[in-house]
Amino acid sequence: MKKVIDYDDYFEDYMGLIYYKIINENKIKNINNVVEFAPGFRFKIAYALKRLNFTGTIYVIDSNKKVLEFVKEKYKIILPEAKIVLINKDLIDSIEFLPENIDLFLANHCIDDMIISKYLDGKKLEDAFNNTEKSKQILINCWNELKEEDNILFNIQENVYNDLKKFFEKINFRLIVMSQYKSGYYMNQKNYVEELSKTIFNKLKISINTNLDNLKAALSFDFENFDVALNEGFSLKENIQFSDNWIAGKYK
């Protein structure tokens, strides 16, 4: 089955650079352990950690086994000195497999995935995150269904927010870095997905002390000759490098 490729390796390196800059601006040193949540078939966090010369333990949480198989092979190449611990669980169920104190929590655009995971189950859930043409169509259909289900959506929103809140109450992180920018998948459609995810993201923001000066400094750079930046409605500066679309701080 044909794979869906949103962006190439260049985009992964670009995103890795952002995470690296945010961690650096917040002066997080002596990083021994990291949690990455819901990486998908991507490796931007590995690139960020490579820039930091990371040789500690990275706990990668994802409910999709195929994702974890991909991560294991890819991260072994990018981070050969790191210990990679794979946790095939949802976020809330991963708590018992983690230390109480961890240096970094890193997640890119994870809230929309959490919403879908609350809505789907079984084989359909697995298919939705297998990074294929079929996956993309399942996700689009799913969001179209969900937007007509106000009661279900309200419960899902509350459950996703409560899972994140409980997770950050149980695990002490020196720095939490999360993003929720406009997705290329839905760039040319009414962006209902982002509206819903951003509501949860903004609610979570209230509980995390982000140093806005540090964040803006980290996001203030140019990345030339990047084709996606030329696409109408998808400016890097106004979307991915926009501070409102990021959390970078410690849970209160």
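Structural data are supplied above this passage.
Right, let's walk through the structure included here. From a predicted model like this one, the values you see are computed outputs, not experimental measurements.

What the chain contains, in helices and strands, is nine helices and seven strands. The proportion of buried residues among the 252 residues of the chain is 53%.

Moving on, we come to the sheet that holds strand E1 (residues 33–37). Strand order in the open sheet made by the seven strands is E3-E2-E1-E4-E5-E7-E6, with mixed pairing throughout. Across the chains shown, the open sheet's two edge strands, defined by having one partner strand only, are strand E3 (83–87) and strand E6 (208–210). Strand-to-strand twist of the sheet, defined as the mean angle between neighbouring strand axes without regard to direction, takes the value 25°. Summarising the sheet, strand E2 (residues 57–61) and E3 pair through five bridges and their orientation is parallel. Bridge pairing links Ile61 to Ile87 in E3. Relative to the sheet, helix H7 (residues 150–170) contacts E2, strand E4 (101–108), strand E5 (172–179), E6 and strand E7 (246–251), its axis offset from that of E5 by approximately 150°.

Position of Lys27 relative to the elements: it lies in the loop between helix H1 (9–25) and E1. Counting along the chain gives 187 residues from Lys27 to Asn214, while the straight-line C-alpha distance between them is 9.5 Å.

Looking now at the pattern of salt bridges. Counted by the stated rule, this structure contains eight salt bridges. The partner of Arg51 in a salt bridge is Asp13, with the nearest N and O atoms 3.1 Å apart. Residue Arg51 is located in helix H2 (residues 44–51), and its partner Asp13 is located in helix H1; the two are separated by 38 residues in the primary sequence. Given a relative accessible area of 26%, Asp13 falls into the partly exposed group. Salt-bridge contacts for Lys76 lead to Glu73; the nearest nitrogen and oxygen are separated by 3.5 Å. Of this pair, Lys76 and Glu73 both sit in helix H3 (residues 65–78), three residues apart, which is roughly one turn of that helix. Take Lys76: its relative accessible area is 43%, and that puts it in the partly exposed class. Overlapping salt bridges, with partners in common, bring together Glu12, Arg42 and Lys44 in one network.

The next subject is the packing of aromatic side chains. For the coordinates displayed, the defined rule picks out 13 aromatic pairs. On the basis of an interplanar angle of 70° and a centroid distance of 5.1 Å, the ring pair of Tyr19 and Trp246 is categorised as edge-to-face. Taken together, the residues Tyr19 in helix H1 and Trp246 in strand E7 connect sequence positions 227 residues apart. Taken individually, Tyr19 and Trp246 each receive the classification buried, so the pair is uniform in this respect.

Turning to the pairing of E5, a few remarks are in order. For E5, the buried fraction is high: six of the eight residues fall into the buried class. Here seven bridges tie E4 to E5, and the two strands are oriented parallel to one another. Each bridged residue has a counterpart across the sheet, and for Asn101 the counterpart in E5 is Asn172.

Most of E7 sits inside the fold, with five of its six residues counted as buried. One ladder, built from four bridges, connects E5 with E7; its direction is antiparallel. By the bridge assignment for E7, Ile176 is matched with Gly249. Direction of pairing for E6 relative to E7: antiparallel, over a ladder of three bridges. Counterpart to Ile208 in the pairing with E7 is Tyr251.

Turning our eyes to something else, we now look at a negative patch on the surface. A cluster of like negative charges, contributed by Glu145, Glu148, Glu149 and Asp150, occupies part of the molecular surface. Assignment of secondary structure puts Glu148 in the loop between helix H6 (133–146) and H7.

This next bit is on the packing of helix H4 (residues 111–119) against H6. When two helices pack together, their arrangement is given by the angle between the helix axes and the distance between those axes. Where H4 contacts H6, the two axes come as close as 11 Å, and the packing angle between them is 75°. Of the possible angle classes, the one that applies to H4 and H6 is roughly perpendicular. Contact residues: Asp112, Ile115, Ile116 and Tyr119 in H4; Leu139, Cys142, Trp143, Glu145 and Leu146 in H6. Residue classes in the contact of H4 with H6 are distributed as seven nonpolar, no polar and two charged.

The rules behind the values
- Residues numbered from 1 in each chain as written.
- Predicted model: local features only at pLDDT ≥ 70, side-chain atom pairs only at ≥ 80, totals over all residues.
- Heavy atoms only, no water.
- Helix = DSSP H or I, 4+ residues; strand = E, 2+ residues; numbered from the N terminus.
- Buried < 20%, exposed > 50% of the residue type's maximum accessible area, 1.4 Å probe, protein only.
- Pairing = 2+ DSSP bridges.
- Axes fitted to C-alpha atoms, helices over the stretch in contact; angles between N-to-C directions.
- Contact = heavy atoms within 4.5 Å.
- Salt bridge = Lys/Arg side-chain N within 4 Å of Asp/Glu carboxyl O.
- Phe/Tyr/Trp six-rings, centres within 6.5 Å; stacked < 30°, edge-to-face > 60°.
- Patch = residues over 30% accessible without salt bridge, like charges linked within 9 Å, V, L, I, M, F, W, Y side chains within 5 Å.
- Areas by Shrake-Rupley, 256 points an atom, 1.4 Å probe, with all protein chains shown as cover.
- Lys, Arg positive; Asp, Glu negative; His and termini not counted.
- Charge placed at Lys NZ, Arg CZ, Asp CG, Glu CD.
- Parallel < 35°, antiparallel > 145°, perpendicular 65-115°, else oblique.
- Nonpolar A, V, L, I, M, F, W, Y, C, P; charged D, E, K, R; others polar.

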